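Here's the letter readout for the chains.
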Protein chains: 2
Amino acid sequence: MNDSAPLDLARLRRSCSQCSLQQLCLPAGITAHELDRLDEIVRRRRTIERGERLFRIGDPLAAVYVARDGAFKTVTISEDGEEQVVGFHLPGELIGLDALGEGAHRCEAIALGNANVCDVPFDQLTVIAAQLPSLQQQLLRVIGHSLNRDHDHMEMLVRRQANERIALFLHGLGERFRQIGQSPVAFKLPMSREDIARYLGLALETVSRGFTRLQEDNVIAVHGRRVEILDPEELVRLAHGVDADEAPARARRSR
Amino acid sequence: MNDSAPLDLARLRRSCSQCSLQQLCLPAGITAHELDRLDEIVRRRRTIERGERLFRIGDPLAAVYVARDGAFKTVTISEDGEEQVVGFHLPGELIGLDALGEGAHRCEAIALGNANVCDVPFDQLTVIAAQLPSLQQQLLRVIGHSLNRDHDHMEMLVRRQANERIALFLHGLGERFRQIGQSPVAFKLPMSREDIARYLGLALETVSRGFTRLQEDNVIAVHGRRVEILDPEELVRLAHGVDADEAPARARRSR
DNA sequence: CGAGATCTTGAACTAGATCAAACAACGTGG
DNA sequence: CCACGTTGTTTGATCTAGTTCAAGATCTCG
């Protein structure tokens, strides 16, 4: 390790604390020295243009990635050339774990807007993780969170009603914004309606209609990609299958 | 720790080589000594009755599990009490990773038939993994495979047509049977039609109809839970969105 | 400011859910 | 061994939510 002046370390900590480390390191009570070691291997602040790919299907697992800023989608391509959106990745969420199994990526990671990312070379990460138990724990936890997001995604897809999926999607997205320190009730969607549709297994028209419906019911306000959640509780209720239709002061019929 | 006679080690190896280790250890070129260490912590051959649960929602992460024989489903319960089937687990496939993120299980794991499982206490596993690089690698790979299965599942759910989902499901299940050394074209479904329906986000009647349709087209033969795949290539084709219907009697040409 | 991309809205059509009922497989106990 | 309920599966008929096709509105950005 190099001469770690306190100044230098402070800079590292700041940069990493807002970035991946928000989840990857800090909460585990990692020491300054440990953070230093991790930071040595991270290649920081690469700029990625909108639409550019972080990796493609079949690429060998070289690194895992974290957007410091800017969101990504991961997609698979079906035989007929259609994109399936497998996941969205907000800043601070790990990208690239899809290659863990076979050592090669099964998805493409596409920037939804201009972004800059940190690369964490995977082989070096595992070496360090083996030496630092707290980092190993934390790595597993982060992988677990990624798994949880996949499960959340599946729960959306299994929901029968399109409006439930959409409500669940908006609510979940809000919660993820909350976790990265942004407002959970007012945000700009990083992805298009079409991306959302391919993520939810719906037609894009259905997504659009779902949005306007929620707006009519005063649950959200939409202006293009700007979304404001006006009635979070109602949104959650809708997400969990409570049939909407009566928004006014009507009683609830159980039918 | 105990007197490890060569005889004993041989037994361990045999037991583990057919069990979890099929994926968890052997392929990584683990040495006899390493295998021995892993084996020390594994609690083996617990018997689980049909319908019994390995863990429940909210249970703290105590161990990961591998069925030595017998299949499991993992489910979540939606507010209205309905089961959502999150995954199926054939013998040799790891169960319990859903707790990695928060340290508590998000699913219930229910035995689809009588089974016996090995428990791998999680904290001990991570300790040993940190000491044995090849085991750490292998652990990550196994987690990756679990992730891949989730993605396969999502790809099924996103498919628009019910018949595509069903074809994809049967094909994927066959491949998983192949991986555990069983026939990929003739097997007994460990789960009910209802479980399949809840896994695919369909009504159980739709699953049933899908099966009979495939049978009418001579792609598969079904007798209750016994399935035989008669025309694997056609099954794959159907799974990937090639509209079926033509070829009512025989004669598949072209393409 | 304009042209392409993105989003909304309308109308018609259809795949699949839902309701309902018959049927098969499987113990279990008489 | 058979009647019996129980549970799982198939099949039929209807009805609705969401897809599809089409057109118009709005946004974005060179």
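An unreviewed UniProt entry lists chain A under the name CRP-like protein Clp, with Lysobacter stagni as the source organism. Looking at chain A in UniProt, the text filed under Subunit (unreviewed entry) is "Homodimer." As recorded by UniProt, the Subcellular location (unreviewed entry) comment attached to chain A reads in full: "Cytoplasm".

Not every one of the 18 residues close to DNA strand D is listed here, only the nearest: A:Ala162, A:Thr206, B:Arg193, B:Ser208 and B:Thr212. Within 4 Å of the protein, the atoms of DNA strand D are drawn from sugar and phosphate moieties in a proportion of 62%. One of the backbone nitrogen or oxygen atoms of A:Ala203 is found 3.3 Å away from a phosphate oxygen of DNA strand D. A distance of 3.1 Å separates a phosphate oxygen of DNA strand D from a polar side-chain atom of B:Arg225. Broken down by secondary-structure element, the contributors of at least two residues to the surface near DNA strand D are α8 (204-216) of chain A together with α8 (204-216) of chain B. At 5 residues, α8(B) tops the list of elements feeding residues into the surface near DNA strand D. Grouping the amino acids of the surface near DNA strand D by side-chain chemistry returns 4 nonpolar, 6 polar and 8 charged.

With that settled, the discussion passes to α8(B). All names here are of chain B. With 13 residues, α8 extends 18 Å from end C-alpha to end C-alpha; this agrees with the ideal 18 Å at 1.5 Å per step. Those residues of α8 that are buried are in contact with α6 (162-179), α7 (193-200), β10 (220-223) and α9 (232-239). Of the residues flanking the end of α8, it is Asn218, one or two places downstream, whose phi is positive at about 60 degrees.

Our focus in this paragraph is the environment of A:Leu202. Turning to its location among the elements, A:Leu202 is positioned in the loop between α7 (193-200) and α8. Take A:Leu202: its relative accessible area is 11%, and that puts it in the buried class. Considering only alpha carbons, one finds A:Leu202 and A:Ala109, 93 residues apart in sequence, at a separation of 21 Å. Residue contacts for A:Leu202: discarding those within four places in its chain leaves A:Ala162, A:Arg165, A:Ile166, A:Ala197, A:Val207 and B:Arg160.

Attention now goes to the packing of helix α6 (residues 162-179) of chain A against α8(A). Residue and element names in this part refer to chain A. Relative to each other, α6 and α8 sit at 75 degrees, their axes nearing to 10 Å. Here α6 is positioned roughly perpendicular relative to α8, judged by the angle of their axes. Contact residues: Ala162, Asn163, Ile166 and Leu170 in α6; Thr206, Val207, Gly210, Phe211, Arg213 and Leu214 in α8.

Of the two same-sequence chains, chain B is brought onto chain A (RMSD 0.0 Å, axial shift 0.0 Å) by a rotation of 180 degrees. Here the transformation between the copies is reduced to the relation of a two-fold axis. When each C-alpha of chain B is compared by its distance to the rotation axis, B:Ala130 comes out closest, at 2.3 Å.

Of the residues lining the interface, 39 residues belong to chain B; the matching set on chain A comes to 39 residues. For the pairing of chain B and chain A, the buried interface totals around 3800 Å² over both sides, and the portion due to carbon and sulfur atoms is 56%. Inspection of the chain B/chain A interface yields 4 salt bridges. Taking the shortest distance from any N to any O, the salt bridge between A:Asp152 and B:Arg106 comes out at 2.7 Å. At the boundary of chain B with chain A, the tally comes to 12 residue pairs in polar contact (both at pLDDT 80 or more). Breaking the side of chain B that touches chain A down by element, the ones donating at least two residues are β5 (83-89), α4 (122-131), α5 (133-158) and α7 of chain B. For the side of chain B that touches chain A, the element with the most residues is α5(B), which contributes 16 residues.

Cut-offs used in this document
- Residues numbered from 1 in each chain as written.
- Chains lettered and ligands numbered in written order.
- Predicted model: local features only at pLDDT ≥ 70, side-chain atom pairs only at ≥ 80, totals over all residues.
- Heavy atoms only, no water.
- UniProt positions renumbered as here; feature names shortened; annotations may be inferred.
- Near = heavy atom within 4 Å.
- Polar contact = N/O pair within 3.5 Å; in protein donor to acceptor, adjacent residues only side chain to side chain.
- Helix = DSSP H or I, 4+ residues; strand = E, 2+ residues; numbered from the N terminus.
- Nonpolar A, V, L, I, M, F, W, Y, C, P; charged D, E, K, R; others polar.
- Expected span 1.5 Å × (residues − 1).
- Contact = heavy atoms within 4.5 Å.
- Buried < 20%, exposed > 50% of the residue type's maximum accessible area, 1.4 Å probe, protein only.
- Axes fitted to C-alpha atoms, helices over the stretch in contact; angles between N-to-C directions.
- Parallel < 35°, antiparallel > 145°, perpendicular 65-115°, else oblique.
- Least-squares fit on C-alpha atoms with pLDDT ≥ 70 in both.
- Buried area = accessible area lost by both parts, 1.4 Å probe.
- Salt bridge = Lys/Arg side-chain N within 4 Å of Asp/Glu carboxyl O.

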